[in-house]
Amino acid sequence: MRALVYHGPGKKSWEEVPDPMILTDTDAIVQVGAVTICGTDLHILKGDVPAVTDGRILGHEAVGTITEVGPGVKNVHPGDRVLVSCITACGRCRYCREGQYGQCLGGGGWILGHKIDGTQAEYVRVPFADNSTYQVPASVTDEEVLMLADILPTGYEVGVLNGRVRPADTVAIVGSGPIGLAAILGAKLHSPSHIVAIDLATSRLEAAKQFGADITVNSGDDDPVARVMELTDGLGADVTIEAVGVPETFELCTQLVRPGGHVANVGVHGKPAMLHLEDLWIKNVTITTGLVDTYSTPTLLNLVASRHIESARFVTHRFCLDEFMDAYDVFSRAGETGALKVALSRH
Ligand SMILES: NC(=O)c1ccc[n+]([C@@H]2O[C@H](COP(=O)([O-])OP(=O)(O)OC[C@H]3O[C@@H](n4cnc5c(N)ncnc54)[C@H](O)[C@@H]3O)[C@@H](O)[C@H]2O)c1
Ligand SMILES: [Zn+2]
Ligand SMILES: [Zn+2]
């Protein structure tokens, strides 16, 4: 088969590799129908994730058809169309039993395209297939379900649910990339009074408006703290969601939050950020961090199937599987190309 293979920092190719095989009795093999690229894949290609080594097939988001299962797989069968989630779950360890699949101790967690070969290929081996795949209703398209592999559960669980968004809240979301936009869609499910989107890129703020932010602030030429304070009678936002991953935006979230409010960090940080306890100690704020667990996937899948979440709107560019190199090029130049998510499909 062909696959997108990482060959060390800055190097990747779409090349011929051996087909994956069932290695343990809980594995399934999935023929990839559609697959996407994540910002995390770009981090890997920069060399920021040293656990990913030369020869690794990238990718942790896909939808496809089961072609083969090990004898221990009971829930899914050859021919089933399934979502392959970014998080794999053994189902048996302490964390899996608490629904914290991202922290799986039994060999799961974020492993696809990280510790084992991933989804950017014609076929992928999915360990613990019963707990790591989701059957897809026929009414939901490949592109719609693909957005549930990572971005929608991440924005919803780590942003909206960790941030405890409640009806009538003012929610300030810093960063309007796919994750920030997913947080906007997730926040809307809880009827907030206002969703304030903050970003430096006009094109991303435009997208934020289309996804449902009623107020956008370009923090390059406007003061988001002043805007949010005006909106909330000087109190601050009930919930602030960090969806960038740099120290400034985390610190901004802690300035934007009201006393008693929640700061939900979603961004992946590579550097320390300052925690201003000299200001925050008196404010009763709750700060959460997290890797997505994907416990909300069944709920989100129902919301997509019932048309309460329009997930296909993330897809700005479409390719065939063998156009992977072009797709990476377009996705990595999102500032120029306006890419949010790219979808690569078989055929
Ligand atoms: N916690 C998790 O489980 C998890 C899962 C997936 C992704 N992530 C992380 O979420 C973050 C967002 O992901 P994404 O795919 O949307 O990324 P992205 O790069 O597409 O979007 C980031 C956005 O932030 C904006 N931005 C950059 N610097 C800014 C600043 N100083 N102020 C305001 N806006 C700024 C950019 O213009 C861009 O629109 C990343 O750090 C990613 O690694 C976390
Ligand atoms: Zn991802
Ligand atoms: Zn586990």
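For clarity, every value in this text was computed on a predicted model and none was experimentally measured.

Cut-offs and rules
- Residues numbered from 1 in each chain as written.
- Chains lettered and ligands numbered in written order.
- Predicted model: local features only at pLDDT ≥ 70, side-chain atom pairs only at ≥ 80, totals over all residues.
- Heavy atoms only, no water.
- Helix = DSSP H or I, 4+ residues; strand = E, 2+ residues; numbered from the N terminus.
- Rg over C-alpha atoms; globule rule 2.2 N^0.38 Å.
- Contact = heavy atoms within 4.5 Å.
- Areas by Shrake-Rupley, 256 points an atom, 1.4 Å probe, with all protein chains shown as cover.
- Donors = N, O, S within 2.8 Å, 3.2 Å for Na, K, Ca; no water.
- Buried < 20%, exposed > 50% of the residue type's maximum accessible area, 1.4 Å probe, protein only.
- Tetrahedral: all angles 85-135°; square planar, octahedral: opposite > 155°, others 65-115°.
- Polar contact = N/O pair within 3.5 Å; in protein donor to acceptor, adjacent residues only side chain to side chain.
- Core = buried A, V, L, I, M, F, W, Y, C linked by side-chain atoms within 4.5 Å.
- Pairing = 2+ DSSP bridges.
- Right-handed = clockwise from strand over helix to strand, strands pointing away.

Draft legend 1. Structural view of the overall build of the protein chain. When helices and strands are tallied, the protein chain shows 13 helices and 15 strands. The C-alpha radius of gyration computed for the protein chain amounts to 20 Å, which stays within 12% of the reference 20 Å derived for 347 residues, consistent with globular compactness. Its C-alpha atoms put the protein chain at 60 × 40 × 40 Å along the principal axes. Within the protein chain, contacts between residues at least 6 apart in sequence are counted, and of these 69% link residues at least 24 apart. Summed over all atoms, the accessible surface of the protein chain reaches about 14,600 Å², with 52% contributed by carbon and sulfur.

Draft legend 2. Main features of the coordination of the zinc ion (ligand 2). Binding of the zinc ion (ligand 2) to the protein goes through Cys-38 (SG), His-60 (NE2) and Asp-150 (OD), at separations of 1.8 to 2.2 Å. Spacing between the donor residues of the zinc ion (ligand 2) along the chain follows C-x21-H-x89-D. Highlighted residues: Cys-38 in the loop between strand 3 (28-35) and helix 1 (39-46) and Asp-150 in the loop between helix 4 (142-146) and helix 5 (151-161), separated in sequence by 112 residues. We classify Asp-150 as buried; its relative accessible area is 8%.

Draft legend 3. Region of interest: the coordination of the zinc ion (ligand 3). Here the zinc ion (ligand 3) is held by Cys-90 (SG), Cys-93 (SG), Cys-96 (SG) and Cys-104 (SG), and the distances to it run 2.3 to 2.4 Å. Here the zinc ion (ligand 3) is ringed by four donor atoms whose angles at the metal span 101 to 117°, and the overall shape comes out tetrahedral. When the donor residues of the zinc ion (ligand 3) are listed from N- to C-terminus, their spacing reads C-x2-C-x2-C-x7-C. The pair Cys-93 / Cys-96 is uniform in exposure class, with both members buried.

Draft legend 4. Focus on the environment of Arg-258. Here Arg-258 lies in strand 12 (residues 257-265). A sequence separation of 41 residues divides Arg-258 from Thr-299, and the C-alpha atoms of the two residues are 30 Å apart. Setting aside residues up to four positions removed in sequence, Arg-258 forms contacts with Arg-166, Leu-235, Gly-236, Ala-237, Asp-238, Lys-283 and Val-285. At 2.5 Å, the side chain of Arg-258 forms a polar contact with the side chain of Asp-238.

Draft legend 5. Broad picture of the nonpolar core. Formed by 85 residues in total, the largest nonpolar core has its most connected members in Leu-152, Ile-184, Ile-241, Phe-314, Phe-324 and Leu-344. Among all residues touching Phe-314, those that are not within four sequence positions of it are Met-147, Ile-151, Leu-152, Pro-178, Leu-181, Ala-182, Leu-185, Phe-211, Leu-340 and Lys-341. The next biggest cluster of nonpolar side chains, apart from the first, holds 13 residues, and it includes Val-196, Val-217, Ala-237 and Leu-252.

Draft legend 6. Structural context of the pairing of strand 8 (residues 170-174). Across the five residues that make up strand 8, a large majority, five, are buried. Side chains Thr-170, Ala-172 and Val-174 of strand 8 all project onto a buried face; the interleaved residues Val-171 and Ile-173 project onto the opposite face, where all are buried too. Across five bridges, strand 8 lies against strand 9 (residues 194-199) in parallel orientation. Bridge pairing in strand 9 places Val-174 opposite Ile-198. Sheet topology note: the strand 8/strand 11 (residues 237-242) ladder contains four bridges and is parallel. In the sheet register, Val-174 faces strand 11, and the bridge partner there is Glu-242.

Draft legend 7. Seen up close, the pairing of strand 12. The buried count for strand 12 comes to seven of nine residues, which makes it a mostly enclosed element. Sheet analysis places strand 11 next to strand 12, joined by five bridges and oriented parallel. Counted as the bridge partner of Glu-242 is Asn-265 from strand 12. With respect to chirality, the unit in which strand 11 leads through helix 9 (residues 247-256) into the neighbouring parallel strand 12 is right-handed. Taken together, the three bridges between strand 12 and strand 13 (residues 286-288) define a ladder with parallel strand orientation. Bridging from a neighbouring strand, Ala-264 pairs with Thr-288 of strand 13.

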